[in-house]
Amino acid sequence: IVRQGIKQMLCDASDIALAGEADCGPEALRQVRAARAPGSTLPAIDVVLMDIAMPQRDGLDVLRQLRSEFPKLPVLMLSTYPDRQYAVRSLKLGAAGYLNKSADSEQLIDAIRRVALGKLFITPGVAELMAEQLVPAGSRSGTPEAPLHERLSHREYQVFRLLAAGRSVGEIAEQLVLSSNTVSTYRARILEKTGVRNDVELALYAVREGL
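Worth saying up front: this structure is predicted, and the values here are computed from it rather than measured.

Here is what the cut-offs are and how they apply
Residues numbered from 1 in each chain as written. Predicted model: local features only at pLDDT ≥ 70, side-chain atom pairs only at ≥ 80, totals over all residues. Heavy atoms only, no water. Helix = DSSP H or I, 4+ residues; strand = E, 2+ residues; numbered from the N terminus. Buried < 20%, exposed > 50% of the residue type's maximum accessible area, 1.4 Å probe, protein only. Contact = heavy atoms within 4.5 Å. Areas by Shrake-Rupley, 256 points an atom, 1.4 Å probe, with all protein chains shown as cover. Pairing = 2+ DSSP bridges. Axes fitted to C-alpha atoms, helices over the stretch in contact; angles between N-to-C directions. 1 Å grid on protein atoms, 1.4 Å probe; cavity = no way out; pocket = protein on both sides within 12 Å on 5 of 7 lines; lining within 4 Å. Points joined across faces, edges and corners; volume = space filled by probe spheres on them. Nonpolar A, V, L, I, M, F, W, Y, C, P; charged D, E, K, R; others polar. Phe/Tyr/Trp six-rings, centres within 6.5 Å; stacked < 30°, edge-to-face > 60°. Parallel < 35°, antiparallel > 145°, perpendicular 65-115°, else oblique. Left-handed = near helix turned anticlockwise from the far one by under 90°.

Scanning the protein chain from N- to C-terminus turns up 10 helices and 3 strands. Counted from the first residue to the last, the protein chain has its helices and strands arranged as α-α-β-α-β-α-β-α-α-α-α-α-α. Expressed as a percentage of the 211 residues in the protein chain, the buried residues total 38%. Once local pairs closer than 6 in sequence are excluded, the contacts in the protein chain between residues at least 24 apart make up 58%. With an accessible surface of roughly 11,800 Å², the protein chain has 52% of that area assigned to carbon and sulfur atoms.

Here it is in structure tokens:
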């Protein structure tokens, strides 16, 4: 339904054509690789518009893979999450822009055009978040310290969200295709960085921070 809505929004732009669509991370990777393969006759992919929340492999994981294999391919991230949760994290991983799904068609089309030209697309709200992170913590007069969860790496943040949602170590390992020992290691790091003692406190922390 979401993909159909996005396609409808893009119909108004005569200079934008849909090269393909995918319903999960692995399929998105497969299509980009196929289109970029030497001698491919498939439609060219100039921009990837990608959701963060996808089955099998989330958008940030796919973003990292695409940046590794196709560093010049612009990736515009799309999300329903509040900007504070994922915008700066996406840009740090190499996204060409970040847009909330609440954006209207005009803003979406403008964002696609900008990143296709090799420019960054950053909303004023996201720019403010980035500026906050550039200011040293000790010099932020009257500004609260950055939340502890912002110290987490991308993978730690994935595990953190799943633990806070009540998933077991085994379930997380299966979903992220990791060993249980690896997930347990991430869990220990997360507890240390956020200063909580167990999964219940971690869930309460997530609720308190609006995550």
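Having seen the structure, we can now continue with the description.
Looking now at the sheet that holds strand E2 (residues 75-79). Read across the sheet, 3 strands follow the order E1-E2-E3 without closing on themselves; strand pairing throughout is parallel. The sheet is open, and its two borders are formed by strand E1 (48-51) and strand E3 (97-100), each paired with just one other strand. In this sheet, neighbouring strand axes are inclined to one another by 25 degrees on average, regardless of whether the strands run parallel or antiparallel. When E1 meets E2, the two strands line up parallel, connected through 4 bridges. Note that in E2 the partner of Leu49 across the bridge is Leu76. Each of E1 and E2 touches helix H3 (residues 59-69); the most contacted strand, E1, lies at about 150 degrees to it.

Before going further, it helps to spend a moment on the layout of surface pockets. Taken as a whole, the largest pocket holds about 900 Å³ of empty space. For the largest pocket, the lining is made up of 35 residues, of which Leu18, Gly20, Val47, Val48 and Leu49 are closest to its centre. Looking at the lining of the largest pocket, the elements with two or more residues in it are helix H1 (2-10), helix H2 (25-36), E1 and helix H5 (105-116). The element contributing the most residues to the lining of the largest pocket is H1, with 5 residues. Looking at the lining of the largest pocket residue by residue, the class counts come to 24 nonpolar, 2 polar and 9 charged.

It is worth spelling out the packing of aromatic side chains at this point. Scanning the model with the defined rule gives 2 aromatic pairs in all. Centre to centre, the rings of Tyr157 and Phe160 are 5.8 Å apart; their planes meet at 35 degrees, and the pair counts as tilted. Residue Tyr157 and its partner Phe160 are both found in helix H7 (residues 154-164); the two are separated by 3 residues, about one turn of the helix. Just as Tyr157 is buried, Phe160 falls in that class too. Pairing Phe160 with Tyr205 gives two aromatic rings, centres 6.1 Å apart and planes at 70 degrees, and the pair type is edge-to-face. Of this pair, Phe160 sits in helix H7 while Tyr205 sits in helix H10 (residues 199-208), and the two are 45 residues apart along the sequence. No difference in accessibility class separates Phe160 from Tyr205, as the two residues are buried. What links up through ring pairs into an aromatic cluster is the set Tyr157, Phe160 and Tyr205.

Packing of H7 against helix H8 (residues 169-176) brings their axes to within 10 Å, and their N-to-C directions diverge by 135 degrees. One finds that H7 runs oblique with respect to H8. Considering how the two elements wind past one another, H7 and H8 form a crossing that is right-handed. Together, Arg155, Gln158, Val159, Leu162 and Leu163 of H7 and Ile172, Gln175 and Leu176 of H8 make up the contact between the two elements. When the residues that make up the contact of H7 with H8 are grouped by side-chain class, the tally is 5 nonpolar, 2 polar and 1 charged.

What follows is about the environment of Leu108. In this structure, Leu108 sits in helix H5. On the basis of relative accessibility, which here comes to 3%, the residue Leu108 falls in the buried class. The sequence separation of Leu108 and Leu76 amounts to 32 residues, and the corresponding C-alpha distance is 9.8 Å. Apart from the residues lying within four places of it in its own chain, the contact partners of Leu108 are Ile6, Met9, Leu10, Leu49 and Leu99.

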